[in-house]
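Fold and geometry: a report
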Amino acid sequence: MLGAMPSHPWSWSLTALSLCLALPAPAWAKPSASEAREREAALLMGSVLGGTPMLEDLRSLVDEVGGRATGSDANRRSVEWALERFRAAGVPAKSEPFRMPALWLEESARATVQGQGVRFVPRVAAMPFSAATPKGGQSAPLVDVGRGAEADFTRVGAKARGAFVLVETDELRDVDDLFREYEEAVGIEARAVAAGVTGVVYMGSRPGNQLYRHNVSSGPKNTRPMLVMERDGALRAQRLLRAGKALTLSATLELKTGGPYEAHNVIGEIRGATKPDEVVVLGAHLDSWDLGGGALDNGANVAMLIDLARQMKRLGLVPARTIRFALWNGEEQGMYGSSGYVASHAAELDGHVMALSVDIGCGRINGFFTNGRPPLVPLVDQALAPAAGLGPFTQVDVPVVGTDNLDFMLQGVANLIANQESATYGPNYHARSDEFSQCDARTLRGNAAVVGALAWGFATMEARLPRQSRAEVEALMRATDLPQQMKSFNLWEEWESGARGGRPQGRQVSPAPR
Ligand SMILES: [Zn+2]
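Reading the values: rules and limits
- Residues numbered from 1 in each chain as written.
- Predicted model: local features only at pLDDT ≥ 70, side-chain atom pairs only at ≥ 80, totals over all residues.
- Heavy atoms only, no water.
- Phe/Tyr/Trp six-rings, centres within 6.5 Å; stacked < 30°, edge-to-face > 60°.
- Helix = DSSP H or I, 4+ residues; strand = E, 2+ residues; numbered from the N terminus.
- Buried < 20%, exposed > 50% of the residue type's maximum accessible area, 1.4 Å probe, protein only.
- Lys NZ or Arg CZ within 6 Å of the ring centre and 35° of its normal.
- Pairing = 2+ DSSP bridges.
- Axes fitted to C-alpha atoms, helices over the stretch in contact; angles between N-to-C directions.
- Core = buried A, V, L, I, M, F, W, Y, C linked by side-chain atoms within 4.5 Å.
- Contact = heavy atoms within 4.5 Å.

**As for the packing of aromatic side chains**
- Scanning the entire structure with this criterion turns up 9 aromatic pairs.
- Arranged with centres 6.3 Å apart and planes meeting at 85°, the rings of Tyr 182 and Tyr 429 form a pair that is edge-to-face. With Tyr 182 in helix H6 (residues 175–194) and Tyr 429 in the loop between helix H12 (425–428) and helix H13 (441–460), the pair connects residues that are 247 residues apart, well separated along the chain. With respect to class, Tyr 182 is no different from Tyr 429; both count as buried.
- Here the aromatic residues Phe 179, Tyr 182, Tyr 425, Tyr 429 and Phe 489 are joined through ring pairs into a cluster of three or more.
- Geometry around Trp 495 places Arg 470 over its ring, the cationic atom sitting 4.1 Å from the centre.
- Residue placement shows Arg 500 over the ring face of Tyr 336; its charged tip is 5.3 Å from the ring centre.

Listed below in structure tokens is the structure:
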């Protein structure tokens, strides 16, 4: 497919010639609608594969704005940064407010392990929604609770009360390990709280002294200090404890915390020519955690979406449906930006045709999660046809929780997540090492071409899926492990209370015609 790009007059004329030979219609005949769509997709793809400012945007976001946790000054700067790029590209864009439930930022984190002639200072990071320690720090015995299973807490018994418990982890290699880590943490933290611990210390699951942030499983409701200790330091403490040393952990976590506040998404838009009220949402999140610069998660895909908007505008491509480039905020703390969007755009959601999230780093896109909507698979296949040379692509029809597709799924809007090869994503996830150099430029451009083809396909094809009713979304809940996944991300209560997935009175979607 890429060989047919009109980048070289010679290859273009060859393509034109082969079209003349292949088609019964004369060469000057108007191309069919599907031919026009494919040619436009090819133009867009060729453009993002070439010398655009995509990588320069990524560099500037990661190095100049830097890590940008929602609620921080850097995060506010990232909103201005994104608006400025859309403006420079001539793409209309605005910042849209939404409510964050609680402010949480780390200012500093320190810890000392000592006892019986031993003293060392391992690197530590506060887990998001950890409680701060009292001024001057907090000291308590450090107790080895193995992997934090039920049997481990039974074995340790009353010694866990009032202690910092040290939880062993496996080294994380890929995205599957990451999801396991999140799922296991729910039980570990519940058992630790039931045992009356002072705080939880996770052994870092990344090699050496790498630090990363991993949300506390109970979110803002957590009341204890919880931290990740560099793997080398935690292994040393564990060996000492297992050799019979009595150790004390002194931790000082200085945090900036507060109640609800307002943050902003940035929404760029290319308005549809013939179906402007039908909307395709392309989303990546602007916020990141703050130990590193947030290139994989998720600056690369922010830069990609901005570039797609820029190239559509530059090429004068106007889709049938409206395309919105949604740069979400508040994702890392619970997908609050996309949740806010579905609430503030509730009246338009029936017209939302598809919402895509690209949020698994910089590895090659090898297909899309269709999130429990089998009829979506052939539409994705159709949209990806112009990108076949960048495949193969396999669509996986299971619901996935963990990024900004969720609230669209709960609202019955067809939603996709780009599935990506792990590449550098897993070991650098939320880590100090999530920096510009983790992303391979060629792969990122290839992904931009794939997302460009997908977006153009959905914004121009005749077919569309209707929005699902609440009953259909509930049926999906019953048929899949969606509730379990939502529990492991601390999202289930918000669904049950109607804070997520609720529909305003009088705006219930009518049942599908019988
Ligand atoms: Zn992310």
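**A few points about the sheet that holds strand E9 (residues 247–258)**
- Taken together, the 8 strands give an open sheet; going across it, the order is E3-E2-E9-E5-E6-E7-E8-E4, and neighbouring strands pair in mixed fashion. Lying at the two open borders of the sheet, with one neighbouring strand each, are strand E3 (118–120) and strand E4 (124–126). If you compare each strand with its neighbour and ignore which way they point, the axes differ by 30° on average.
- As defined by bridge partners, strand E7 (residues 199–203) adjoins strand E8 (residues 226–229) across 4 bridges and the pair is classed as parallel.

**Here we look at the nonpolar core**
- If you look at the biggest cluster of nonpolar residues, it comprises 81 residues, and the most contacted ones within it are Phe 325, Phe 368, Leu 454 and Phe 458.
- When sequence neighbours within four positions are dropped, the list of residues in contact with Phe 368 reads Leu 356, Val 380, Leu 384, Thr 394, Gln 395, Val 396, Leu 416, Ile 417, Ala 418, Asn 419, Val 450 and Leu 454.
- Counting residues in hydrophobic clusters, the runner-up holds 56 residues, among them Met 100, Val 113, Ala 163 and Ala 263.

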